[in-house]
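Below are the chains, spelled out letter by letter.
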Amino acid sequence: MNTMKIIIQGAPGSGKGTQAKFIVKQYNIPQISTGDLLREAVKTGTELGLKAQKHMNTGTLVPDDIVIKLLNERIIQKDCQNGFILDGFPRNLVQAQELKNITDIDLVININVDYGLLIERITGRRTCKNCSSIFHIKYSPPKEVDRCDKCSGSLYQRDDDTEETVRNRLNTYENVTKPLIDYYKKQGILENLDSDGSIDEMHQKVSKLLVTRFKE
Ligand code: AMP
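Residues numbered from 1 in each chain as written. Predicted model: local features only at pLDDT ≥ 70, side-chain atom pairs only at ≥ 80, totals over all residues. Heavy atoms only, no water.

**Side note on the nonpolar core**
Then, in step 1: Within the largest apolar cluster, 36 residues are counted, with the highest numbers of intra-cluster contacts made by Leu86, Leu99, Ile105 and Tyr184.
Then, in step 2: Contributions of two or more residues to this core are made by helix H2 (34-44), helix H3 (47-58), helix H4 (64-75), strand S3 (83-87), helix H5 (93-102), helix H6 (115-123), helix H7 (163-177) and helix H8 (179-186).
Then, in step 3: Counting residues per element, this core draws most heavily on H4, which supplies six residues.
Then, in step 4: Those residues within four positions of Tyr184 in sequence are excluded, and the remaining contacts are Ile7, Pro90, Ala96, Leu99, Val108, Ile189 and Leu190.
Then, in step 5: By size, the runner-up hydrophobic cluster in this structure holds 16 residues, among which are Met4, Ile6, Leu107 and Ile109. (Core = buried A, V, L, I, M, F, W, Y, C linked by side-chain atoms within 4.5 Å. Buried < 20%, exposed > 50% of the residue type's maximum accessible area, 1.4 Å probe, protein only. Helix = DSSP H or I, 4+ residues; strand = E, 2+ residues; numbered from the N terminus. Contact = heavy atoms within 4.5 Å.)

Written out as structure tokens, the structure reads:
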């Protein structure tokens, strides 16, 4: 089988994590979310987690050496052999260049979304403590309040999903992460998708793209 090494990128709240989870299910490749890896490190209280926490709480990027270390440890695991979907990495050019030294990437999916929608999307987001499934109080509410439909775990609002932090995260995205669109465009591996409909409609677009790009 050909490898399927994918980056999914977009502004915070663009729905990249949700779409990444669909791809995981469909293609059986792992999702590597540096945000999830960092939150896990914060939760277990590792030294690295403590260093990362203050940056995450203010909506700025965690230093590259910390994130790159986490990524390196994850990507060498056996389940990543045939591919993976990177969600939230790389976030700047230094990380993109570092990734190039580690492995080649087959496809970068860039999700475009209207900025006006993002704040509402992010502040309404609820995440499962147990399985990381994502819900939205208005757009994809759980059947039972604050309970995960999939595993019955309790839902919470991420510390950095508050309005002030979200504004900082959007600024960081605009100034530091967005230039990656050009970087990958120049390499000929970028595909832009507009997120202007429902989660399902976006899923259709992503699926169609993957079928075309990864046919045997
Ligand atoms: P996310 O879950 O991808 O929205 O990430 C949440 C927070 O974790 C971000 O606001 C950053 O503080 C931090 N973070 C996640 N991925 C990275 C990365 N690749 N580089 C630096 N910081 C990151």
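**Here's the deal with the sheet that holds strand S7 (residues 155-156)**
Then, in step 1: Taken in spatial order, the three strands make up an open sheet running S6-S5-S7, and their pairing is antiparallel. Of all the strands in the sheet, just strand S6 (134-136) and S7 have a single pairing partner and so form its edges.
Then, in step 2: Direction of pairing for strand S5 (residues 125-128) relative to S6: antiparallel, over a ladder of three bridges. Bridge pairing in S6 links Arg126 to Phe135.
Then, in step 3: The strands that H6 touches are S5 and S6; relative to S5, the one it contacts most, it runs at about 40°. (Pairing = 2+ DSSP bridges. Axes fitted to C-alpha atoms, helices over the stretch in contact; angles between N-to-C directions.)

**Overview of the pairing of strand S4 (residues 107-112)**
Then, in step 1: Burial of S4 is extensive: five of the six residues sit out of reach of the surface.
Then, in step 2: Looking at chain direction, strand S1 (residues 4-10) and S4 are connected through five bridges and run parallel. Bridge assignment links Gly10 to a residue of S4, and that residue is Ile111.

**Considering the packing of aromatic side chains**
Then, in step 1: Counted by the stated rule, this structure contains one aromatic pair.
Then, in step 2: Relative to Tyr184, the ring of Tyr183 has its centre 4.9 Å away and its plane inclined at 80°; by these criteria the two rings are edge-to-face. Each member of the pair, Tyr183 together with Tyr184, is buried. (Phe/Tyr/Trp six-rings, centres within 6.5 Å; stacked < 30°, edge-to-face > 60°.)

**What to know about the site of the ligand**
Then, in step 1: As a structural note, the neighbourhood of the ligand is formed by 16 residues, with Thr34, Arg39, Thr60, Gly88 and Gln95 the closest of them.
Then, in step 2: For the ligand, a nitrogen atom lies 2.8 Å from a polar atom in the side chain of Thr34.
Then, in step 3: Within the backbone of Val62, a nitrogen or oxygen atom sits 3.0 Å from a nitrogen atom of the ligand.
Then, in step 4: Within the complex, 96% of the 480 Å² of free accessible area of the ligand lies under protein.
Then, in step 5: Considering every element that reaches the shell around the ligand, the biggest residue donor is H2, with four residues.
Then, in step 6: Each residue belonging to the shell around the ligand can be placed in one class, and the counts come to six nonpolar, five polar and five charged. (Near = heavy atom within 4 Å. Polar contact = N/O pair within 3.5 Å; in protein donor to acceptor, adjacent residues only side chain to side chain. Areas by Shrake-Rupley, 256 points an atom, 1.4 Å probe, with all protein chains shown as cover. Nonpolar A, V, L, I, M, F, W, Y, C, P; charged D, E, K, R; others polar.)

**Here we look at the packing of H2 against H3**
Between two packed helices, the angle of one axis relative to the other and the distance separating the axes together describe the packing.
Then, in step 1: H3 packs onto H2 with a crossing angle of 115° between their chain directions and a minimal axis gap of 8 Å. Between H2 and H3 lies a crossing of left-handed hand. For the pair H2 and H3, the contacting residues are Gly35, Leu38, Arg39, Ala41 and Val42 in the first and Leu48, Gly49, Ala52, Gln53 and Met56 in the second.
Then, in step 2: When the residues that make up the contact of H2 with H3 are grouped by side-chain class, the tally is six nonpolar, three polar and one charged. (Left-handed = near helix turned anticlockwise from the far one by under 90°.)

**Observations regarding the pattern of salt bridges**
Then, in step 1: Taken as a whole and judged by the stated rule, the model has 14 salt bridges.
Then, in step 2: One continuous salt-bridge network, built from bridges that share partners, spans Arg125, Arg158, Asp160, Asp161 and Arg169. (Salt bridge = Lys/Arg side-chain N within 4 Å of Asp/Glu carboxyl O.)

**A look at the packing of H7 against H8**
Then, in step 1: Across the interface, H7 lies against H8 with an axial gap of 6 Å and an inter-helix angle of 35°. Here Tyr173, Glu174, Asn175, Val176 and Thr177 of H7 come into contact with H8, specifically with Pro179, Leu180 and Ile181.
Then, in step 2: Of the residues contributing to the contact of H7 with H8, the split by class is five nonpolar, two polar and one charged.

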